[in-house]
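Listed below are the residues making up each chain.
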Amino acid sequence: MPLYEHVYLARQDVSAQQVEDLTKQLTTVVEGLGGKITKNEYWGVKSLNFRIKKNRKAHFTLLNIDAPPAALSEIERQERINEDVLRYLTIRVDELEEGPSAMMRKVERDRERDERGFGFRDRDRGNFRDRDRGDHRRDREGRTAREGSHEDAVPGVTTEE
């Protein structure tokens with residue numbers, strides 16, 4: 001049987017449970033027509049680059065499907081009818097990807113990065129305190145603002161009495 005990767009976007013207003021129920025409904029349709037779903041990944045709510053039917057965000061779900069073409073045409077027909085589905089895309093592939101998809105690997109990589117402490121979140125914790133104060137700036141002679149004298153700051157004015 002042909003192999004497919006199928007991604008659909010559901011409205012942001014629906015709950016994750018409703019998206020899961022929709023996925024189960026699509027799974028029963030595929031299995032009823034002699035196919036099977038080998039992988040089901042819920043990617044979560046993500047921002048869209050442009051509005052789709054007045055929605056700025058959507059629930060993303062990936063399905064790896066091993067089914068006859070009739071099963072795919074039926075689930076696409078049901079997704080066209082369902083008002084909660086914004087868009088869908090089905091791609092025929094030579095072989096299905098094993099393990100987590102690229103989106104799930106990205107989520108894991110971002111989670112590891114947060115644990116190690118990279119990115120702008122460190123600035124909130126105070127790791128860039130000196131940089132935020134402007135102490136990293138140097139004048140022509142290579143001195144920082146604290147190393148320079150006040151006489152150099154304002155020409156013709158001395159602080160000595």
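A quick note: this is a predicted structure, and the numbers were derived from the prediction, not measured. (Residues numbered from 1 in each chain as written. Predicted model: local features only at pLDDT ≥ 70, side-chain atom pairs only at ≥ 80, totals over all residues. Heavy atoms only, no water.)

What about the overall build of the chain?
How we decide: A run of H or I in DSSP becomes a helix once it reaches four residues, and a run of E becomes a strand once it reaches two; helices and strands are each numbered from the N terminus. With a 1.4 Å probe rolled over the protein chains alone, any residue whose accessible area is under 20% of its type maximum counts as buried; one over 50% counts as exposed, and the rest are partly exposed. What makes two residues a contact is simply this: any of their non-hydrogen atoms within 4.5 Å. For every accessible area listed, the method is Shrake-Rupley and the probe measures 1.4 Å; residues are considered covered only by the protein chains on display.
Helix and strand counts for the chain stand at six helices and four strands. In the chain, the succession of helices and strands from N to C terminus is β-α-β-β-α-β-α-α-α-α. Residue burial in the chain is summarised as follows: out of 161 residues, 30% are buried. Taking contacts inside the chain between residues at least 6 apart in sequence as the whole, the part at least 24 apart equals 70%. A total of about 11700 Å² of accessible surface is found on the chain, and carbon and sulfur atoms cover 47% of it.

Examining the packing of helix 1 (residues 16-32) against helix 2 (residues 69-81)
This is how it is decided: Axes, fitted as lines to C-alpha atoms, cover a helix only where it is in contact. Angles between the N-to-C directions of the axes lie from 0 to 180 degrees. Here roughly perpendicular refers to angles of 65 to 115 degrees, roughly parallel to angles under 35, roughly antiparallel to angles over 145, and oblique to all remaining angles. Note: crossing handedness is left-handed where the near helix turns anticlockwise from the far helix by less than a right angle, and right-handed where it turns clockwise.
Direction vectors running N to C along helix 1 and helix 2 enclose 150°, while the axes themselves pass 9 Å from each other. Here helix 2 runs roughly antiparallel to helix 1, going by the angle between their axes. For the crossing formed where helix 1 meets helix 2, the hand is right-handed. Two secondary-structure elements touch here, helix 1 through Gln25, Leu26, Val29 and Val30 and helix 2 through Ala71, Glu74, Ile75, Gln78 and Glu79.

Digging into unusual backbone geometry
At Lys53, a residue that is not glycine, the phi angle is positive and equals roughly 50°. Secondary-structure assignment places Lys53 in the loop between strand 2 (36-52) and strand 3 (55-66). The phi dihedral of Lys54 falls on the positive side, at around 65°, and the residue is not glycine. Relative to the elements of secondary structure, Lys54 occurs in the loop between strand 2 and strand 3.

Points about helix 1
The cut-off we apply is this: Each helix should span, by expectation, one fewer than its residue count multiplied by 1.5 Å. This arc is built from the directions going out from the helix axis to the C-beta atoms.
Spanning 17 residues, helix 1 covers 24 Å between terminal C-alpha atoms, matching the ideal 24 Å at 1.5 Å per step. Taken together, the buried positions of helix 1 are Val19, Leu22, Thr23, Leu26, Thr27, Val29 and Val30. Relative to the axis of helix 1, the buried residues are bounded by an arc of 160° and lie together on one face. In this structure, helix 1 carries Thr28 and Gly32 as exposed residues pointing more than 90 degrees from its buried face. Residues of helix 1 that are buried make contact with strand 1 (3-11), strand 2, strand 3, helix 2 and strand 4 (85-93). Just downstream of helix 1 lies Gly34, where phi reads positive at about 90°.

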